[in-house]
Amino acid sequence: MIVAASTECWPDMEMREAIEVLQDLEFTAVEIALHESGRIKPSDLISDVDRAAQILRSSHRMDISGYSVQLGSTGEQHYTDFKEICRIAKATKVVNLTVPSAEVGTPFNEEVEHLQKLVKVAETEGARVAVRCQLGCLSEDPDTLMVLCNNVDGLGVTFDPSVYIAGKANVKNLDKILKFVCNVHLRDTRPDAFQVSVGQGEVDYGKLVTQLERERYDRALTVHMAPMEGFDHRVELRKLRRLLETLV
């Protein structure tokens, strides 16, 4: 396993600046957020794959552990755009693509069909799709998530234990979804707060690493923390990096 950090840790920074800060904090790998609502918009990249690859390779000496992808397009255009993102991933030697989960209330069959299309597109370019664990979405329930993975051959999970501590599923067994994990997002969490200072929450990092090792997981543990008022964000990120590095 490797310890990485997401560019979403610094949502107000341009990519190059965020990566430089993460380097200063001694991270060696980065997950880059390609979000239409963020600093790096997929719509700005897909018009020129070669230029996009050049921009994303400017991650300096850091490895790119994956891309978090949120497109603004809908319908068939969505899958056309996703194909271009997959081509960019291939050009930058990135395999893991994290995509959002549909909101609670979305028909299950509709989400299965959508994810099947994404997985099929990704496989043509050697990429793997992982659906993100998210509150308020179908993936907030581990039972639903497991059924999704069983119905969409090749689908992975970007596992976020915070969702199952702060959400409604905090009494459910998560072991059944661990075999599908191909990315992990981490911060510290309590049942009453999605993110708290490192060490003040209930995420059992040691147990999680042991469980992932049992499943032969060998990819990224991605620090995914937003700045918190009243706390030094650099200190928080460094604390979690050091903690995770003692476990891998």
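Look a little higher up for the structure.
Residues numbered from 1 in each chain as written. Predicted model: local features only at pLDDT ≥ 70, side-chain atom pairs only at ≥ 80, totals over all residues. Heavy atoms only, no water.

So, on to the overall build of the chain. Helix and strand counts for the chain come out as ten helices and ten strands. In terms of overall size, the chain behaves like a compact globule, its C-alpha atoms giving a radius of gyration of 17 Å where 248 residues would be expected to give roughly 18 Å. Expressed along its principal axes, the backbone C-alpha trace of the chain runs to roughly 45 × 40 × 35 Å. Counting every position in the chain, which comprises 248 residues, the buried fraction comes to 54%. Taking contacts inside the chain between residues at least 6 apart in sequence as the whole, the part at least 24 apart equals 77%. Working note: accessible area of the chain is about 11,500 Å², and carbon and sulfur atoms make up 45% of it. Computed over 29 positive and 39 negative side-chain charges, the separation of the two mean positions in the chain equals 4 Å. (Helix = DSSP H or I, 4+ residues; strand = E, 2+ residues; numbered from the N terminus. Rg over C-alpha atoms; globule rule 2.2 N^0.38 Å. Buried < 20%, exposed > 50% of the residue type's maximum accessible area, 1.4 Å probe, protein only. Contact = heavy atoms within 4.5 Å. Areas by Shrake-Rupley, 256 points an atom, 1.4 Å probe, with all protein chains shown as cover. Lys, Arg positive; Asp, Glu negative; His and termini not counted. Charge placed at Lys NZ, Arg CZ, Asp CG, Glu CD.)

It is worth spelling out helix α5 (residues 108-123) at this point. With 16 residues, α5 ought to run about 22 Å at 1.5 Å a step, and its terminal C-alpha atoms sit 22 Å apart, in line with that. Within the sequence span of α5, burial applies to Glu111, Val112, Leu115, Leu118, Val119, Val121 and Ala122. Its buried side turned inward, α5 meets α4 (75-91), β4 (96-99), β5 (128-132) and α6 (142-151). (Expected span 1.5 Å × (residues − 1).)

It is worth spelling out the nonpolar core at this point. Tyr67 and Phe82 are the most contacted members of the largest nonpolar core, which has 75 residues in total. Look past the residues within four positions of Tyr67 in its chain and what remains in contact with it is Glu31, Ile32, Leu34, Leu56, Ala89, Thr92, Val94, Asn96, Leu97 and Thr98. (Core = buried A, V, L, I, M, F, W, Y, C linked by side-chain atoms within 4.5 Å.)

We now examine the side chain of Ser73. Mapped onto the elements, Ser73 comes out in the loop between β3 (63-70) and α4. Engagement of the side chain of Ser73 in a polar contact is seen with the side chain of Asp81, the distance being 2.7 Å. If we skip the residues at most four places from it in the chain, Ser73 touches His78 and Asp81. (Polar contact = N/O pair within 3.5 Å; in protein donor to acceptor, adjacent residues only side chain to side chain.)

A few words now on the pairing of β5. The element β5 is extensively covered by neighbouring structure, given that four of its five residues are classed as buried. In the classification by handedness, the crossover that spans β4, the intervening α5 and the parallel β5 is right-handed. In this sheet, strand β6 (residues 156-159) lies alongside β5 in parallel orientation, the contact comprising three bridges. When the sheet's bridge partners are listed, Ala130 is paired in β6 with Gly156. Read as a crossover between parallel neighbours, the route from β5 over α6 to β6 is right-handed. (Right-handed = clockwise from strand over helix to strand, strands pointing away. Pairing = 2+ DSSP bridges.)

Another point: α6. Every buried residue belonging to α6 is among Pro142, Leu145, Leu148 and Cys149, and all of these are buried. Taken around the axis of α6, the buried residues stretch over an arc of 115 degrees, which confines them to a single face. Among the structural elements, α5, β5, β6, α7 (161-166) and α8 (175-178) are those in contact with the buried residues of α6. The distance from a side-chain oxygen at the start of α6 to the backbone nitrogen of Asp143 is 3.0 Å, and the residue carrying that oxygen is Asp141. (Arc of directions from axis to C-beta.)

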